Amino acid sequence: MNRRDFIKNTALGVGAVTLFGSRAFNVHAGEILPKKGKRVVVAGGGFGGATAAKYLKMMDPKLDVILIEERASFISCPVSNLVLVGLKEMKDITFSYSTLAKKYGISVLNAKILAIDPVSHKVETSKGSVAFDRLILSPGVDFIYDNIKGMDARSQELFPHAVKAGPQTIQLTQELKAMKPGENMVMSIPEAPFRCPPGPYERACLVANYLKNNKKGSKIIVLDANQDVVSKAKLFKAAWKDYYEGIVEYHPDSEVKEIKAETRTVVASSGEYVGAILNIIPEQKAGSMAFMGGLMPQGRRWSPVSALSFESSVHKDVHIIGDATDGDVIGSMPKSGFVASTMGKAAAASVMAMLAGKEPVSPYLANTCYSMVNEREAIYVTGVFEYDPQTKKIAGKKAAGGVSPERSVLLGHQAEDWAKGIWSDTLG
Ligand SMILES: Cc1cc2nc3c(=O)[nH]c(=O)nc-3n(C[C@H](O)[C@H](O)[C@H](O)COP(=O)(O)OP(=O)(O)OC[C@H]3O[C@@H](n4cnc5c(N)ncnc54)[C@H](O)[C@@H]3O)c2cc1C
């Protein structure tokens, strides 16, 4: 960080509202929040991190827990596809961190993490450095643009992925509203693994439903780099056939090679497609925090961790959870908010045990992911995952899990209840 950045950051820091009581952070000192007892720092206040911080405090209210998050509010990706088509608003998916601070006594530090030193047990933030005994990182995902020709900084701004709910969700919502009847939207899906396997297909349904009702003659062209729909395939395809014939145009095995911004053309392995809106979802990798402090081995894009304790395979005392984890190392699970949240609970239990010099706690994880296929009906996929001491991986339990037999209005109501439930479990 250069001097100008430092002054800018610290100036922002002075003005920013912190949730750490009335005590102001000493932004000019190197170290802030000097450590007194045992401390766990949680980096990233998304589904994984916020849940981990809350459950640590629930297990031991005296433990010093600091949650560091760069955004002032929590913005949920689940339900963000409904915002795109005007069925929900940004305020419906935006939440405060204040309950975590007030009810559980978590010190919520609204700052950007700039560096991690796993050896001296410190994280460097835009407001100063913070020491820890153990660190839980839940960095989310970042995006790989290098393998799409023409996807430079300007194209990245013009053609949003909207896979991190926030400004790009608003941008895509506005673009859909402004689209003229008869114009098309092109959405690309990268090769798996990516955040929320059913997410893009749910988006295809909801956008198609919106076009059907509002933009006569328009369609959504889906370019999927995978050989087939990667989640709930039969159910999504049935919805496209029954409701959106001629509105969803699905192209499997269609990897995006190039974007021609001037003509809004996507060059894919299956042909060239033009859209008034280009929603380019690139390949993904672990969020930038996972690459700090030498935590990511050379050439890897997901974090290798122990499937038992989520402790980094590279550095002890640092645990990594959520979308950033490497499914090849710990066992394949969907990169979902639900999985991140159950990983947060499991990691919190292991961190508590390890701070007390005990063995980590064997994780038991779960996933349920609802997708809306129109404004009323939903489908779901669910799974339960358990640590297997023989393979040292987490494996899905065959007897538990599967997909909904069909779409229904009842499942639509359950989808809404599920979202309220996980928001409350994470932040309430
Ligand atoms: C359209 C869409 C729909 C979805 N629907 C569902 C669903 O229905 N059900 C479901 O279970 N999942 C769903 N998901 C997936 C879910 O959102 C993710 O799997 C989940 O957010 C992963 O949690 P995480 O903690 O790993 O990452 P995140 O929730 O992304 O948390 C990472 C946090 O770290 C913060 N951060 C990053 N870098 C820094 C830094 N340097 N300093 C400080 N803070 C930093 C970020 O601001 C962020 O808050 C959906 C995703 C999308 C895109």
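Notes on the structure follow. What you are looking at is a predicted structure, and each value in this text was computed from that prediction instead of being measured.

All right, on to the pattern of salt bridges then. A complete count under the given rule lists 21 salt bridges for this structure. With a closest N to O distance of 3.2 Å, Lys-112 and Glu-70 form a salt bridge. Of this pair, Lys-112 sits in the loop between strand 5 (107–110) and strand 6 (113–117) while Glu-70 sits in the loop between strand 2 (64–69) and strand 3 (74–75); the two residues are 42 residues apart in sequence, bridging distant segments of the chain. For Lys-88, the salt bridge is made with Glu-416, and the minimal N-O distance between the two is 3.1 Å. Of the two residues, Lys-88 sits in the loop between helix 3 (80–84) and strand 4 (94–95) while Glu-416 sits in helix 11 (residues 409–427), which places them 328 residues apart along the sequence. Residue Lys-88 is classed as partly exposed on the basis of its relative accessible area of 25%. Residue Glu-416 is classed as partly exposed on the basis of its relative accessible area, which comes to 35%.

The next point concerns the nonpolar core. Judged by nonpolar contacts, the single largest core of 130 residues is most densely connected at Leu-56, Leu-176, Ile-220, Trp-240 and Phe-310. Considering each element in turn, this core owes the most residues, 9 residues, to helix 10 (residues 337–355). When residues are assigned to domains, this core turns out to be shared by domain 1 (3–140 + 287–360) and domain 2 (146–283), each giving three or more. Once residues lying within four places of it in the same chain are set aside, the contact partners of Leu-56 are Val-40, Val-42, Leu-63, Val-65, Ile-136, Ala-348, Val-351 and Met-352.

Pairing is parallel across the open sheet formed by 5 strands, whose spatial order is 5-2-1-9-19. The outermost strands of the open sheet, each flanked by one partner alone, are strand 5 and strand 19 (318–320). Neighbour-to-neighbour, the strand axes of this sheet turn through a mean angle of 20°, independent of strand direction. Note that strand 2 and strand 5 share 4 bridges and pair parallel. Bridging from a neighbouring strand, Glu-69 pairs with Asn-110 of strand 5. Of the strands in this sheet, strand 1 (39–43), strand 2 and strand 9 (134–137) touch helix 2 (residues 47–59), which is tilted by about 165° from strand 2.

Bringing the environment of Arg-39 into the picture now. For Arg-39, the position within the fold is in strand 1. Here Arg-39 falls in the buried class, since its relative accessible area comes to 2%. Expressed as a C-alpha distance, the spacing of Arg-39 and Ala-349, which sit 310 residues apart in the sequence, is 14 Å. Apart from the residues within four sequence positions on either side, Arg-39 is in contact with Leu-33, Pro-34, Asp-64, Ile-66, Val-130, Ala-131, Phe-132, Asp-133 and Arg-134. A polar contact is formed between the side chain of Arg-39 and the backbone oxygen of Pro-34, at a distance of 3.5 Å. There is a polar contact of 3.0 Å between the side chain of Arg-39 and the backbone oxygen of Ala-131.

With that out of the way, let us pick up helix 2. Here helix 2 spans 18 Å end to end across 13 residues, near enough to the 18 Å set by a 1.5 Å rise per residue. Within helix 2, 11 of the 13 residues are buried, which leaves it mostly tucked inside the rest of the structure. Those residues of helix 2 that sit buried are Phe-47, Gly-48, Gly-49, Ala-50, Thr-51, Ala-52, Ala-53, Lys-54, Tyr-55, Leu-56 and Lys-57.

A word on helix 7 (residues 199–214). Two residues of an α-helix separated by three or four positions point the same way, owing to the 3.6 residues in each turn. End to end, helix 7 covers 22 Å across 16 residues, agreeing with the expected 22 Å (1.5 Å per residue, within 8%). Burial within helix 7 is extensive, with 13 of its 16 residues counted as buried.

Turning next to the site of the ligand. Within the structure, the ligand sits among 33 residues, and Glu-69, Ile-113, Ser-138, Arg-195 and Asp-323 are positioned closest to it. Glu-70 places a main-chain nitrogen or oxygen 3.2 Å from a nitrogen atom of the ligand. Here a nitrogen atom of the ligand and a backbone polar atom of Ile-113 are 2.8 Å apart. Bound to the protein, the ligand loses 92% of the 1,000 Å² it would expose on its own. If you list the elements that add at least two residues to the shell around the ligand, you get helix 2, helix 3, helix 10 and strand 20 (364–372). Composition of the shell around the ligand by domain shows at least three residues from each of domain 1 (3–140 + 287–360) and domain 2 (146–283).

Backbone hydrogen bonds are what pair the strands of a sheet, in a parallel or an antiparallel way. Spatially, the 3 strands line up as an open sheet ordered 20-21-22, and their pairing is antiparallel. In this open sheet, the two edge strands, each paired with only one partner strand, are strand 20 and strand 22 (393–403). The mean inter-strand angle of the sheet, taken between neighbouring strand axes irrespective of direction, is 20°. Here strand 20 runs beside strand 21 (residues 378–388); their pairing, made up of 9 bridges, is antiparallel. Note that in strand 21 the partner of Tyr-370 across the bridge is Tyr-380.

Of note, Lys-177 is situated in helix 6 (residues 167–178). Its relative accessible area of 64% is what places Lys-177 among the exposed residues. Measuring from C-alpha to C-alpha, the distance between Lys-177 and Lys-215 comes to 9.2 Å, with 38 residues separating the pair along the chain. Ignoring anything within four residues of it in the chain, the contact list for Lys-177 reads Tyr-210 and Lys-215.

Criteria and thresholds
Residues numbered from 1 in each chain as written. Predicted model: local features only at pLDDT ≥ 70, side-chain atom pairs only at ≥ 80, totals over all residues. Heavy atoms only, no water. Salt bridge = Lys/Arg side-chain N within 4 Å of Asp/Glu carboxyl O. Helix = DSSP H or I, 4+ residues; strand = E, 2+ residues; numbered from the N terminus. Buried < 20%, exposed > 50% of the residue type's maximum accessible area, 1.4 Å probe, protein only. Core = buried A, V, L, I, M, F, W, Y, C linked by side-chain atoms within 4.5 Å. Domains from an automatic or database assignment. Contact = heavy atoms within 4.5 Å. Pairing = 2+ DSSP bridges. Axes fitted to C-alpha atoms, helices over the stretch in contact; angles between N-to-C directions. Polar contact = N/O pair within 3.5 Å; in protein donor to acceptor, adjacent residues only side chain to side chain. Expected span 1.5 Å × (residues − 1). Near = heavy atom within 4 Å. Areas by Shrake-Rupley, 256 points an atom, 1.4 Å probe, with all protein chains shown as cover.

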